[in-house]
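Topology and contacts: notes
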Amino acid sequence: MELWYSEVHTKNVKMSIRVDRQLYSGQSAFQRIDVFESPEFGRFLILDGYMMLTEKDEFIYHEMITHVPMAVHPDPKHVLIVGAGDGGVVRELTRYASVERIDMVEIDEQVVAVCREFLPQTACAFDDARLTIHYQDGLKYIRDYQDMYDVIIVDSTDPFGPGEGLFTREFYGNCFKALKEDGIMVNQHESPFYDDDATAMRRAHKRIVESFDISRVYQAHIPTYPSGHWLFGFASKKYHPVRDLRAAAWNALGLATRYYNTNLHKGAFYLPNYVEDQLANVEQDL
Ligand code: AG3
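Everything numeric here is computed off the predicted structure, so don't read it as measured data.

Once that is clear, we can look at the overall build of the protein chain. The helix and strand tally for the protein chain stands at 9 helices and 13 strands. Looking at the 286 residues of the protein chain, the share that counts as buried comes to 58%. If you sum the accessible surface of the protein chain, you get close to 12200 Å²; carbon and sulfur atoms cover 47% of it. Both charge centroids of the protein chain, one from 29 positive and one from 43 negative side chains, sit 2 Å from each other.

Rendered as structure tokens:
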């Protein structure tokens, strides 16, 4: 008997992973949650049918969404994480001794509970004393804060379903307000490759450019996401993602990483022409 998980990437393309067994399936107040075990990718988490992470390639996503802003900001003490119920960003962030407080806003308490039980590889730092988890909609949470955070990391689902509000002008504007005068926001920024993903990517970029003075996009290779070519947004009030990279200081921390390094950091901001063209069109249309 063959058991396969498939994610439909376009109406003509799907990606399938052979599964040994299903570890969990449940419906929360917000979404369907599934966890599988597979021979190639280890355990993996699916929300509403979409791939969130696998044990084999999650290091790429979590290192790139966390270490890029942390290597630019000179003194990140207070960090907000939006979404991220699997704990991967918390794991990476808690490796920084300089971080004093982490607020995490996750809409779905059940995702955290399921990940604690079935995905210990990512959900391993939820008990860190610096962390406070707020079970709330990030869109609403952020309205109440001003001049509060050094770094905001938006680790959302795709821009439909529970994550939709995290791709709106209102949300980005409020992130700007919630950041200190030299704050940085990064977000998962969809893929430039398939048409529907590229449309979502351009729409997100347009809204971020409208809210932040400095707004660039960087890339990583994530095998289990649509097309494998994924983008992140870097939006900032003061620091440029490449010119203000503090490579020597970051390297002196001695953090062992499997994907991120400070040369790759610079390279990740040099984008293929077809991606630069999509971004330039958005910037022109403003
Ligand atoms: N955040 C979801 C990235 C989007 C994946 N999209 C897809 N498979 N269609 C990942 C959460 C990891 N902490």
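Evaluated as defined, the whole model comprises 1 cavity of 30 Å³ or more. Put simply, the largest cavity is a space of about 40 Å³. M52, L53, T54, D57, E58, Y61, H62, I222, T224 and Y225 are the residues that line the largest cavity. Elements with a minimum of two residues in the lining of the largest cavity: strand 6 (50–54) and helix 1 (58–72). Looking at the lining of the largest cavity residue by residue, the class counts come to 5 nonpolar, 3 polar and 2 charged.

A few words on the sheet that holds strand 7 (residues 78–83). With mixed pairing, 7 strands are arranged side by side in an open sheet as 9-8-7-10-11-13-12. The sheet terminates laterally at strand 9 (131–135) and strand 12 (214–221), the two strands that pair on one side only. Between one strand axis and the next, the sheet turns through 15 degrees on average, direction left out of account. Examined bridge by bridge, strand 11 (residues 179–188) and strand 13 (residues 229–236) share 5 bridges and lie antiparallel to one another. The partner of N187 across the bridge, within strand 13, is G233. Along the sheet face, helix 6 (residues 195–211) touches strand 11, strand 12 and strand 13 and points at about 150 degrees away from the line of strand 12.

A few words on the pairing of strand 1 (residues 4–10). Summarising the sheet, strand 1 and strand 2 (residues 13–18) pair through 6 bridges and their orientation is antiparallel. What sits directly across from S6, in strand 2, is S16. Hairpin connection between strand 1 and strand 2: a loop of 2 residues separates the two successive antiparallel strands.

In this section: the site of the ligand. Taken together, 14 residues lie near the ligand, and E7, M51, H62, D86 and D155 sit nearest. The separation between a nitrogen atom of the ligand and a polar side-chain atom of D86 is 2.6 Å. D155 places a polar side-chain atom, nitrogen or oxygen, 2.6 Å from a nitrogen atom of the ligand. Starting from 400 Å² of accessible surface for the ligand in isolation, the protein chains cover 97%.

In this structure, D213 sits in the loop between helix 6 and strand 12. Considered as a pair, D213 and K238 are 25 residues apart in the sequence and their alpha carbons are 7.8 Å apart. Other than its neighbours up to four places away in sequence, D213 contacts S236 and K237.

The computed volume of the largest pocket comes to approximately 770 Å³. Along the wall of the largest pocket there are 47 residues; nearest its centre are T157, D158, P159, Q188 and E190. When residues of the lining of the largest pocket are traced back to their parent elements, those giving at least two are strand 1, strand 5 (42–47), strand 6, helix 1, strand 7, strand 8 (101–106) and helix 6. Among the elements that make up the lining of the largest pocket, the one with the highest residue count is helix 6 (6 residues). Taken together, the residues of the lining of the largest pocket break down into 23 nonpolar, 12 polar and 12 charged.

This brings us to the nonpolar core. Grouped together as the largest cluster of nonpolar side chains are 65 residues, with contacts concentrated most on L45, M64 and Y218. It is helix 1 that provides the largest number of residues to this core, a total of 9 residues. V82, L139, Y141 and I152 belong to the second-largest nonpolar core, a separate cluster that totals 21 residues.

Conventions we followed
Residue positions are given per chain, counting from 1 as you read along its sequence in written order. Local features in this predicted model are restricted to residues whose pLDDT is 70 or higher, and side-chain atom pairs enter the listing and the counts only when it is 80 or higher, whereas totals over whole chains, interfaces and linings include all residues. Each side-chain value is worked out from all heavy atoms of the structure, with water and hydrogens disregarded. A run of H or I in DSSP counts as a helix once it spans at least four residues, and a run of E counts as a strand once it spans at least two, with each numbered from the N terminus. Accessibility here uses a 1.4 Å probe with only protein chains present; expressed as a share of the type maximum, an area under 20% marks a residue as buried, one over 50% as exposed, and anything in between as partly exposed. Surface exposure here means Shrake-Rupley accessible area, sampled with a 1.4 Å probe, where a residue is shielded only by the protein chains that are shown. Only four residue types enter the tally: Lys and Arg on the positive side, Asp and Glu on the negative side; His and the chain ends are excluded. For the purpose of locating charges, the reference atoms are NZ of Lys, CZ of Arg, CG of Asp and CD of Glu. Think of a 1 Å grid over the protein atoms and nothing else: a 1.4 Å probe that fits but is trapped marks a cavity, an open set flanked by protein within 12 Å on at least five of seven lines marks a pocket, and residues with an atom within 4 Å of a point count as lining. Grid points are joined across faces, edges and corners, and a volume is the space filled by probe spheres set on the points. Residue classes follow a fixed rule: Ala, Val, Leu, Ile, Met, Phe, Trp, Tyr, Cys and Pro count as nonpolar, while Asp, Glu, Lys and Arg count as charged, and any other residue, Gly among them, counts as polar. What makes two strands pair is DSSP finding at least two bridges between them. Only the stretch in contact is used when fitting a helix axis, every axis being a line fitted to C-alpha atoms; angles between N-to-C directions are given from 0 to 180 degrees. Residue contacts are counted whenever heavy atoms from the two residues lie within 4.5 Å of one another. One heavy atom within 4 Å of a molecule or strand makes the whole residue count as near it. Between N or O atoms, a polar contact is any pair within 3.5 Å; within protein, one atom must be a potential hydrogen donor and the other a potential acceptor, and residues adjacent in sequence are included only when both atoms are from side chains. Nonpolar core, defined: a set of buried Ala, Val, Leu, Ile, Met, Phe, Trp, Tyr and Cys residues in which side-chain atoms within 4.5 Å join the residues together.

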